[in-house]
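# Notes for the structure review
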Amino acid sequence: MTSEWALFFVLLLAGLLPFRRKGKERRAWVLPVALALGSLSMLGGAIRWGVNQDSTRANEQRYQHVPREKPNAGYVTSDRCQSCHPDEYESWRRSFHRTMTQYADADSVAADFDDVKLEARGETYRLQRRGNELWVEMPDPDWKADQSRIHRNLDWSRYTDAPRALKRVSMATGSHHLQKFWVSSERGNLQYDLPFTFLIEDKRWVLREDSIIRDPQLPLLIQVWNVNCIKCHTTAAQPRRDSETGILNTRVGEMGIACEACHGPAQEHIEAHHQPIRRYQARIRHADPTIVNPLRLSAKKSSEVCGQCHAIKLNLDRDWEQNGSRFRPGDDLEKSMALVLPAKGSSIPGLAEALKDSEEITHFFWSDGMVRIAGREYTGLVQSPCFERGTMTCFSCHSIHRSDPNDQLAVGMTGHEACLQCHTDYRNRVSEHTRHAAESSGSECYNCHMPHTNWGLLGAIRSHQITSPTVQSSLQTGRPNACNFCHLDKTLDWTARYLSEWYKTPPPMLNGDEASVSAAVLWALKGDAAQRALMAWSMGWEPAQTASGRRWMIPILAQLLDDPYAAVRYRAARTLRRNPGFEDFGYDYVGPAADRAQARERALDLWRKTPALELDRTGPEILILPDGRLSQEKFDALLRQRNNRSVFIVE
């Protein structure tokens, strides 16, 4: 910097000296003026350099304890793709993949940080916005981590006398349905999560545990971003844990799921196609060995590009904690990651058997090995006949560049067409196969073969393991079958009879309630928390309401307003407000227990006061009496049998 100023003054002096000479030609002023302007330009550059240096120092200070974006190992970031691929770049920027992880500031977050006070089991967190920066005053997480190590107890809520710390919020995860936030440790750049989630549609903060299906008696979750979320929410992640100190100095190629997450490192591609002629030659040949296009890979390898994130798996790379995953698009995924498939085994000998009877496996799978959590669609796909014996891939239905960002279904793939690509023989006889009207929801392939039996983001999500409905699977696993998921007022016996008549599916033996009470009522009142949540969602699903009626559901939804699990209460309230007369029903799903009990009674009272002629009489006859009243005796008898086992659905 000193030499820049010295050179500036030398040039300025050289430019001014000629003005002292007299009698020269008129054009003599050109040189000194040029020198003066040059020196001024250099002055501007020096000032800009100084400002940039100040900005760099400020950024260095800001990111001292935050994982940095640093291109490495051939990764060059998505910005290098824009000039040659503007349309693809813009469609990617619109996607929620891009914003899966962002540096947190006022422009990148949806959450309210304007002097907000939050409480997590007796401890206070104060959120602040300072210009474009977000801050939180909170119990010191480093101190709590130390206490946890000393006492060998992961329940951080035990350590209530933590000193206060003022932390800048460093990163945000999510931008579609909800956002989570992270603050930095003073040791390396380890990132602790705030114990809260911001629900974007509801525009409110809740305790993180109140946004997932998790036993409320369990201690608060503690998550570290560098060895958890980093696996799938960034590109070219390297945790970089020091083998001696254990300190993390994490870096990533790019925050979020970027172009190179799917297409592989792009440095060689950019260098090879720097010249326009090379670019046009590659387009003509429709082949380019310097980059990966998943659409041109085999069915298995193209889906593995998605499977690197959308699967339940274990890392096999021994140096993962230092260098991250070795997998690159186009590689064999199972050389870097072992898929966890309880029903089919694993590339790790004995893994499936070891997990089969473990409690942890129920956090991820139904008892028959079908995945039950959101975001692991590849695990479902690879267990589907269409993948195992056909050519189905993720890209048979989805596209990141030619789709609505909400579900990323490719153009034209929202109806039958997705399946009719292969099952062409059904094109002109849909009703013959489905036994439903051709244009009805009952003839939608998805609804029968991919029902909403997965859970995540406070809602039900379609299974991506393609199956056909059976009553036997519901009896064995507790998982709602597609027929009863839509026909909520019907029994398992009703479903078994039609499946036997139409498709020759052997009917199973059923007990008294299974044969006489609506399956949805059984799952909603007798089921465990996961089943109750799915039923609360399905009662608000339009096809189910059309097929089953809905007013009879209100007493059940009213009961679920007082459920022990917050996620069940949340979904029950959302569904209840879809009913006429309940649109503005006042209720806070994380409010005091006494208020929730009162809300249940208010909902029941409002339902009872509805004139009899206006009641929707359709519904389970054993639960709803002929005059439209509730059979309280039967209702209470079912409720007393509720499965209160501890449930945790991992997200």
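Counting starts from 1 at the beginning of each chain's written sequence and moves along it residue by residue. Local features in this predicted model are restricted to residues whose pLDDT is 70 or higher, and side-chain atom pairs enter the listing and the counts only when it is 80 or higher, whereas totals over whole chains, interfaces and linings include all residues. Note that water and hydrogens are dropped before the side-chain values are worked out from all heavy atoms of the structure.

### A short note on the confidence of the model for the protein chain
- When pLDDT is averaged along the protein chain, the result is 88, and 88% of the positions lie at 70 or above.
- Values of pLDDT, which run from 0 to 100, indicate the predictor's confidence residue by residue. Any two residues whose heavy atoms approach within 4.5 Å at even a single point are treated as in contact. pLDDT under 50 marks residues 1-8. Its contacts with residues more than four places away, or in other chains, come to eleven contacts.
- Every residue in residues 21-27 scores below 50 in pLDDT, and together they form zero contacts with partners more than four places removed in sequence or on other chains.

### Quick notes on the side chain of Lys167
- Secondary structure elements follow DSSP: runs of H or I no shorter than four residues count as helices, runs of E no shorter than two count as strands, and numbering proceeds from the N terminus. Take Lys167: it is sitting in strand S6 (residues 164-173).
- Within polar-contact distance, the side chain of Lys167 engages the backbone oxygen of Ser184 at 2.7 Å.
- If sequence neighbours within four positions are ignored, Lys167 has contacts with Leu134, Trp135, Val136, Met138, Pro141, Asp142, Val183, Ser184, Ser185 and Glu186. Under this definition, polar contacts are N or O atom pairs within 3.5 Å; protein pairs additionally need one hydrogen-donor-capable and one acceptor-capable atom, and for neighbouring residues in sequence, both atoms have to be side-chain atoms.

### Quick look at the packing of helix H22 (residues 529-538) against helix H25 (residues 566-576)
- Each axis is a line fitted through C-alpha atoms, taken for helices only over the stretch in contact, and angles between the N-to-C directions span 0 to 180 degrees. Interaxial distance between H22 and H25 falls to 8 Å at its minimum, and their mutual angle equals 15°. Looking at the two axes, H22 sits roughly parallel to H25. When you trace H22 past H25, the crossing you get is left-handed. Of H25, the residues touching H22 (which contributes Ala529, Arg532, Ala533, Ala536 and Trp537) are Val568, Arg571, Ala572 and Thr575.
- When residues are grouped by polarity, Ala, Val, Leu, Ile, Met, Phe, Trp, Tyr, Cys and Pro land in nonpolar, Asp, Glu, Lys and Arg in charged, and all others, Gly among them, in polar. Looking at the contact of H22 with H25 residue by residue, the class counts come to six nonpolar, one polar and two charged. For this classification, under 35 degrees means roughly parallel, over 145 means roughly antiparallel, 65 to 115 means roughly perpendicular, and everything else is oblique. In this scheme the crossing of two helices becomes right-handed for a clockwise turn of the near helix relative to the far one and left-handed for an anticlockwise turn of less than a right angle.

### Some thoughts on the environment of Val382
- Its location among the elements puts Val382 in the loop between helix H12 (377-381) and helix H13 (385-388).
- Filtering out sequence-adjacent residues up to four positions away, Val382 remains in contact with Leu339, Leu341, Phe387 and Glu388.

### Description of the pairing of strand S8 (residues 191-199)
- The buried label goes to any residue with under 20% of its type's maximum accessible area, the exposed label to any with over 50%, and the partly exposed label to all in between, with areas taken from a 1.4 Å probe on protein chains only. By the criterion of burial, S8 is predominantly enclosed, with nine of the nine residues buried.
- Should DSSP find at least two bridges between two strands, the strands are taken to pair. With six bridges joining them, strand S7 (residues 178-184) and S8 adopt antiparallel strand pairing. When the bridges of S8 are listed, Val183 appears paired with Tyr192.
- Taking the residues that link successive antiparallel strands as the turn, the S7-S8 hairpin has six residues, and the phi of Gly188 there is positive, at about 65°.
- Bridge analysis of S8 against strand S9 (residues 204-207) gives four bridges, and the strand direction is antiparallel. What sits directly across from Phe198, in S9, is Trp205.
- Between S8 and the antiparallel strand that follows it, S9, lie four residues; Lys203 among them carries a positive phi value of about 55°.

### Remarks on the packing of aromatic side chains
- Working definition: rings of Phe, Tyr and Trp (its six-membered ring) pair if their centres are within 6.5 Å, and the pair is stacked with planes under 30 degrees apart, edge-to-face with planes over 60 apart, and tilted otherwise. Evaluated as defined, the whole model comprises 15 aromatic pairs.
- Judged by centre distance (5.4 Å) and plane angle (70°), the rings of Phe198 and Trp205 are edge-to-face. Like Phe198, the residue Trp205 is buried in the burial classification.
- Taken together, Phe113, Phe181, Phe198 and Trp205 form an aromatic cluster joined through their ring pairs.
- For the cation-ring pair, Arg130 lies above Trp135, with the distance from its terminal atom to the ring centre recorded as 5.1 Å.
- Criterion for a charge above a ring: Arg CZ or Lys NZ at most 6 Å from the ring centre, at most 35 degrees from the ring normal. The ring of Phe585 has Arg602 lying over it, and the distance from NZ or CZ to the ring centre is 4.6 Å.

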